[in-house]
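Overview (structure and organization)
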Amino acid sequence: MSARNIARFWEWGRKIICVGRNYADHAIELKNAIPSEPVLFLKPPSAYVTEGSPILLPFYTSSLHHEVELGVLIGKGGTDIPQSSAMEHVAGYVLCLDMTARDIQDQCKSKGLPWTLAKAFNTSCPISDFIPKEKIPDPGNINLWLKVNDTVKQNGSTSQMIFSIPYLINYISQIISLEEGDLILTGTPKGVSSVQEQDVLQAGIDGIVTMTFKVDRKS
Ligand SMILES: O=C([O-])CC(=O)C(=O)O
Ligand SMILES: [Mg+2]
């Protein structure tokens, strides 16, 4: 069997672990408390979508939001990974969108129900090309941006994260063992807003990567 290619990790069927409220400015814009420990939720691998395919509006939402996030790709698995060696477990990065049915999430929050319908639907995790680790020497200080139809909506630095990447790898791996090919979405800065059918979303990491996705409705 030929060696698997980490650059096509989304085909491996591994976990997508998402961190919520990791930027104070975004927690505040949605009137959430600033967390004292990371807020975690999951997306299934069927949430992945790559450039060339559209983001599909779920039929049950009227408020689909974009959230641009840095994705950290695990290259070496582990349990109880110490912060001091956490970065040795990283293979690289991807730019991600944590697409969120905000109206459904609000309903789930008020009813005390899980966020699965709001966060885990097909195409809820658009991703860029794989970015090898060496291309981002300091992932704690890069700029993420997102435009909807050429209007800038989000523009924030990963230096604003409440919980750093080593902290998140240590915290998550004490609860959910990490495996090669798992992806951690590290949360979104402020500026989330709703998108409509036929909108074009462009996102990037300054100097590193850009990606473009169209929003469509399932035919
Ligand atoms: O706002 C949310 O839904 C939580 C979240 O995913 C984030 O902060 O990135
Ligand atoms: Mg998010």
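Quick caveat, the model's predicted, so the values are computed rather than measured.

Points about the site of ligand 1
- Lining the immediate environment of ligand 1, one finds 14 residues, of which R21, H26, D98, Q105 and K119 sit closest.
- A distance of 2.6 Å separates an oxygen atom of ligand 1 from a polar side-chain atom of H26.
- Contact with the protein chains covers 99% of the free accessible surface of ligand 1, which is 270 Å².
- Residue assignment for the shell around ligand 1 shows that the elements contributing at least two residues are β1 (16–20) and α2 (102–111).
- The residue inventory of the shell around ligand 1, partitioned by class, reads three nonpolar, five polar and six charged.

Here's the deal with the coordination of the magnesium ion (ligand 2)
- Note on the magnesium ion (ligand 2): its protein donors are E67 (OE), E69 (OE) and D98 (OD). The metal-donor distances range over 2.0 to 2.1 Å.
- Expressed as a motif, the donor residue spacing for the magnesium ion (ligand 2) is E-x1-E-x28-D.
- Take E67: its relative accessible area is 3%, and that puts it in the buried class.
- Looking at E69, the relative accessible area reads 1%, which means it is buried.

Focus: the sheet that holds strand β4 (residues 55–57)
- The mixed open sheet is built from five strands, whose spatial order is β4-β16-β15-β11-β12. Each edge of the open sheet is held by one strand with a lone partner, namely β4 and β12 (151–157). The average angle at which neighbouring strand axes cross in this sheet is 20°, direction not considered.
- Here five bridges tie strand β11 (residues 143–148) to strand β15 (residues 200–205), and the two strands are oriented antiparallel to one another.

As for the sheet that holds strand β5 (residues 64–65)
- Overall, antiparallel pairing links the three strands, which are arranged β8-β5-β14 in an open sheet. In the strand order of this sheet, the two ends are held by β8 (100–101) and β14 (194–195), each with one partner.
- Across two bridges, the pairing between β5 and β14 is antiparallel. From the neighbouring strand, H65 faces β14, where its bridge partner is S194.

A short note on the packing of aromatic side chains
- Under the criterion given, the structure shown has six aromatic pairs.
- An angle of 55° between the planes, with centres 5.5 Å apart, marks the rings of F41 and W115 as tilted. Placement of the pair is F41 in strand β2 (residues 39–43) and W115 in the loop between α2 and α3 (116–119), with a sequence separation of 74 residues. Summarising the burial analysis for this pair, F41 and W115 share the class buried.
- Aromatic ring contacts, followed pair by pair, group F9, W10 and Y48 into a single cluster.
- The aromatic ring of W12 is capped on one face by R4, whose charged end is 3.9 Å from the ring centroid.
- Taking NZ or CZ as reference, K147 lies 5.3 Å from the ring centre of W145, over its face.

Digging into the side chain of Q105
- Mapped onto the elements, Q105 comes out in helix α2.
- Given the relative accessible area of 3%, Q105 is considered buried.
- Among the polar contacts made by the side chain of Q105, one reaches the side chain of R102 at a distance of 2.8 Å.
- Residues contacting Q105, with those up to four places away along its chain left out, are T100, W115, A118 and K119.

So, the nonpolar core
- Among the nonpolar cores identified, the biggest contains 61 residues, and L97, I169, L183 and I205 are the most heavily contacted of them.
- Look past the residues within four positions of I205 in its chain and what remains in contact with it is L70, L95, I131, I136, I142, N143, L144 and W145.

A look at the environment of E51
- Looking at the secondary structure, you find E51 in the loop between β3 (48–50) and β4.
- A relative accessible area of 39% means that E51 is categorised as partly exposed.
- Sequence separation between E51 and T212 is 161 residues; the distance between their C-alpha atoms is 6.5 Å.
- Excluding its chain neighbours within four sequence positions, the residues that come into contact with E51 are I127, T210, M211, T212 and F213.
- Here the side chain of E51 touches T212 through a polar contact of 2.8 Å, landing on its backbone nitrogen.

Criteria and thresholds
Residues numbered from 1 in each chain as written. Chains lettered and ligands numbered in written order. Predicted model: local features only at pLDDT ≥ 70, side-chain atom pairs only at ≥ 80, totals over all residues. Heavy atoms only, no water. Near = heavy atom within 4 Å. Polar contact = N/O pair within 3.5 Å; in protein donor to acceptor, adjacent residues only side chain to side chain. Areas by Shrake-Rupley, 256 points an atom, 1.4 Å probe, with all protein chains shown as cover. Helix = DSSP H or I, 4+ residues; strand = E, 2+ residues; numbered from the N terminus. Nonpolar A, V, L, I, M, F, W, Y, C, P; charged D, E, K, R; others polar. Donors = N, O, S within 2.8 Å, 3.2 Å for Na, K, Ca; no water. Buried < 20%, exposed > 50% of the residue type's maximum accessible area, 1.4 Å probe, protein only. Pairing = 2+ DSSP bridges. Axes fitted to C-alpha atoms, helices over the stretch in contact; angles between N-to-C directions. Phe/Tyr/Trp six-rings, centres within 6.5 Å; stacked < 30°, edge-to-face > 60°. Lys NZ or Arg CZ within 6 Å of the ring centre and 35° of its normal. Contact = heavy atoms within 4.5 Å. Core = buried A, V, L, I, M, F, W, Y, C linked by side-chain atoms within 4.5 Å.

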